[in-house]
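The chain contents come next:
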Amino acid sequence: MIKVCKYPFTYVEIHPRGTVACCCSSYTDDYFFGNIFEQSFEEIWNGEKARIFRKDILEGKYSFCHLDMCTGIDTCKYMKKKDANLIMPYPKIVNFSLDETCNVKCVMCRDRIKATNKKKLEKLEKLLETTFIPMLQNAQLLQMNGEGEVFASSLCKKFIKIAAQTYPKLKFELITNGLLCSKENLEALGITDRIERITFSVHASTKETYQKIVRGGNFETMLKNLRYLNELKKCGKLENLSVTYVISSLNYKDLPGFVELAKELEISAQLREFMNWGEASYMNKHFDEFDITNPKHPEHKEFSNMLKLPVFKNEFCLMDDVIRDCIK
């Protein structure tokens, strides 16, 4: 029986350069359906490149996919073949990562504060109501923001407010560093009771380590906002809350405390390896120095032994395959 991955048929993500993908582009060797700055969404979503990709999936080939990296096909991320066609209705899940504006400089991401320039913002503003909002006509979930900080972006906040008003049943999933994810800012967006998931990027469990990783951040503010959201979750107003931790040689010793925090709050703790995305940060330029998952790293053995501690065996601790393989 052929497993049909649902993503090429129901999901789309828009990147800062306008490229449109149906999955994490690292899993598909940057196979893009098109570019939203150059084509209409209809031309992209049901265009030739989309149909080629879908046909390949329906035939069970997965020629464009790195199945060794993707876990979706081995879980519930597939759909019935009878519901999958080369031409599909507009997507059910839309992921926007258009604005790289951020309020901090996390060491694994960038060495400077990023802000989208005025010219590009004006371009995006024009597309907001003519292209982006209509894209959501069939959507159940709007995901933001994988490239910057959603609460530091005037564009993202405007987008969310308009989308919430236009589509009353639409739900939201946000990725945030948590510093601006406060009660006041969430209420201003009008989506406090319509959030399916919020993921906090934490990367530390002590103030000392946090300041090294999240440059320009405030550990106490992040924790305060995280605990506020956890209260929303307990009250049933927030469906899912999780914290994520990108592991490097700079912060791996904080991991037990991070997992303990997640256990205390009864939320998922996602452990992920530091990856070389080719960005112009010092850490990317000196990747081997910080890649603690590499067996050749001088501190790898200490890291491996630490992962054997009982704290990492609780139900709230979620490791990706690379981290799990470090346990020997």
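Below, the structure is looked at part by part. Small disclaimer: the values here were computed from a predicted structure and weren't measured.

## Some thoughts on the sheet that holds strand E10 (residues 195-201)
In step 1: Pairing is mixed across the open sheet formed by 10 strands, whose spatial order is E4-E3-E2-E6-E8-E9-E10-E12-E13-E14. Each edge of the open sheet is held by one strand with a lone partner, namely strand E4 (34-35) and strand E14 (317-319).
In step 2: As paired elements, strand E2 (residues 11-14) and strand E3 (residues 19-21) share 2 bridges and run antiparallel to each other. The residue of E3 that forms the bridge with Glu13 is Ala21.
In step 3: Relative to strand E13 (residues 268-273), helix H9 (residues 255-265) is tilted by about 150°, and along the sheet it contacts strand E12 (241-247), E13 and E14.

## Focus: the pairing of strand E9 (residues 171-176)
In step 1: Sheet topology places strand E8 (residues 141-144) next to E9; 4 bridges connect them, and they run parallel. Its bridge partner being in E9, Leu142 is matched across the sheet by Phe172.
In step 2: Relative to E10, E9 runs parallel, the two being bridged by 5 bridges. Paired with Glu173 across the strands is Arg197, a residue of E10.
In step 3: Taken together, E9, helix H6 (residues 183-189) and E10 form a β-α-β motif whose crossover is right-handed.

## Looking at helix H3 (residues 48-58)
In step 1: When we look at burial in H3, the residues that qualify are Ala50, Phe53, Arg54, Asp56, Ile57 and Leu58.
In step 2: At its buried positions, H3 is contacted by strand E1 (4-5), helix H1 (7-10) and helix H2 (41-45).
In step 3: Of the residues trailing H3, Gly60 is marked for its positive phi of about 75°.

## A few points about the packing of aromatic side chains
When we look at a pair of aromatic rings, we describe it by the centre distance and by the angle of the planes.
In step 1: Tallied over the full model, the rule gives 16 aromatic pairs.
In step 2: Ring centres of Tyr31 and Phe33 lie 6.3 Å apart, and the angle between their planes is 90°; on these two criteria the pair is classed as edge-to-face.
In step 3: What makes Tyr31 buried here is its relative accessible area of 12%.
In step 4: Seen in terms of ring centroids, Tyr252 and Phe303 are 5.9 Å apart; in terms of plane orientation they differ by 80°. Their pairing is edge-to-face. Placement of Tyr252 in the loop between E12 and H9 and of Phe303 in helix H12 (residues 300-306) is noted, with a sequence separation of 51 residues between them.
In step 5: What makes Tyr252 buried here is its relative accessible area of 1%.
In step 6: Taking the relative accessible area as the measure of exposure, Phe303 reaches 0% and is therefore buried.
In step 7: In textbook terms, an aromatic cluster arises when at least three aromatic residues are bridged by ring pairs, as seen for Tyr31, Phe33, Phe53 and Phe64.
In step 8: Here the basic side chain of Arg54 rests over the ring of Trp45, its NZ or CZ set 4.5 Å away from the ring centre.
In step 9: Lying over the aromatic face of Phe37, Lys123 brings its terminal NZ or CZ to 4.3 Å of the ring centre.

## Things to note about the side chain of Thr176
In step 1: For Thr176, the position within the fold is in strand E9.
In step 2: Sequence-distant contacts of Thr176, that is, excluding residues within four places in its chain, are made with Glu149, Val150, Phe151, Cys181, Ile198, Thr199, Phe200 and Ser201.

## Concerning the packing of helix H8 (residues 219-234) against H9
In step 1: In the contact formed by H8 and H9, the axes pass within 11 Å of each other and the chain directions differ by 30°. As the angle between them shows, H8 and H9 are arranged roughly parallel. Here Leu223, Leu226, Arg227, Asn230 and Lys233 of H8 come into contact with H9, specifically with Leu261, Glu264 and Leu265.
In step 2: Split by residue class, the contact of H8 with H9 holds 4 nonpolar, 1 polar and 3 charged.

## What to know about the pairing of E10
In step 1: Burial analysis of E10 places 5 of its 7 residues in the buried class, the great majority of the element.
In step 2: Across 4 bridges, the pairing between E10 and E12 is parallel. When the bridges of E12 are listed, Thr199 appears paired with Ser242.

## Focus on unusual backbone geometry
Backbone phi values are negative for most residues with the exception of glycine, while trans is the configuration of most peptide bonds.
In step 1: Not every positive phi belongs to a glycine, and Asp29 is a case in point at roughly 55°.
In step 2: With respect to the element layout, Asp29 can be found in the loop between E3 and E4.
In step 3: Given a relative accessible area of 57%, Asp29 falls into the exposed group.
In step 4: Positioned with a positive phi, His203 is a non-glycine residue whose angle comes to about 70°.
In step 5: Along the chain, His203 turns up in the loop between E10 and helix H7 (207-213).

What counts, and where the lines are drawn
Residues numbered from 1 in each chain as written. Predicted model: local features only at pLDDT ≥ 70, side-chain atom pairs only at ≥ 80, totals over all residues. Heavy atoms only, no water. Pairing = 2+ DSSP bridges. Helix = DSSP H or I, 4+ residues; strand = E, 2+ residues; numbered from the N terminus. Contact = heavy atoms within 4.5 Å. Axes fitted to C-alpha atoms, helices over the stretch in contact; angles between N-to-C directions. Right-handed = clockwise from strand over helix to strand, strands pointing away. Buried < 20%, exposed > 50% of the residue type's maximum accessible area, 1.4 Å probe, protein only. Phe/Tyr/Trp six-rings, centres within 6.5 Å; stacked < 30°, edge-to-face > 60°. Lys NZ or Arg CZ within 6 Å of the ring centre and 35° of its normal. Parallel < 35°, antiparallel > 145°, perpendicular 65-115°, else oblique. Nonpolar A, V, L, I, M, F, W, Y, C, P; charged D, E, K, R; others polar.

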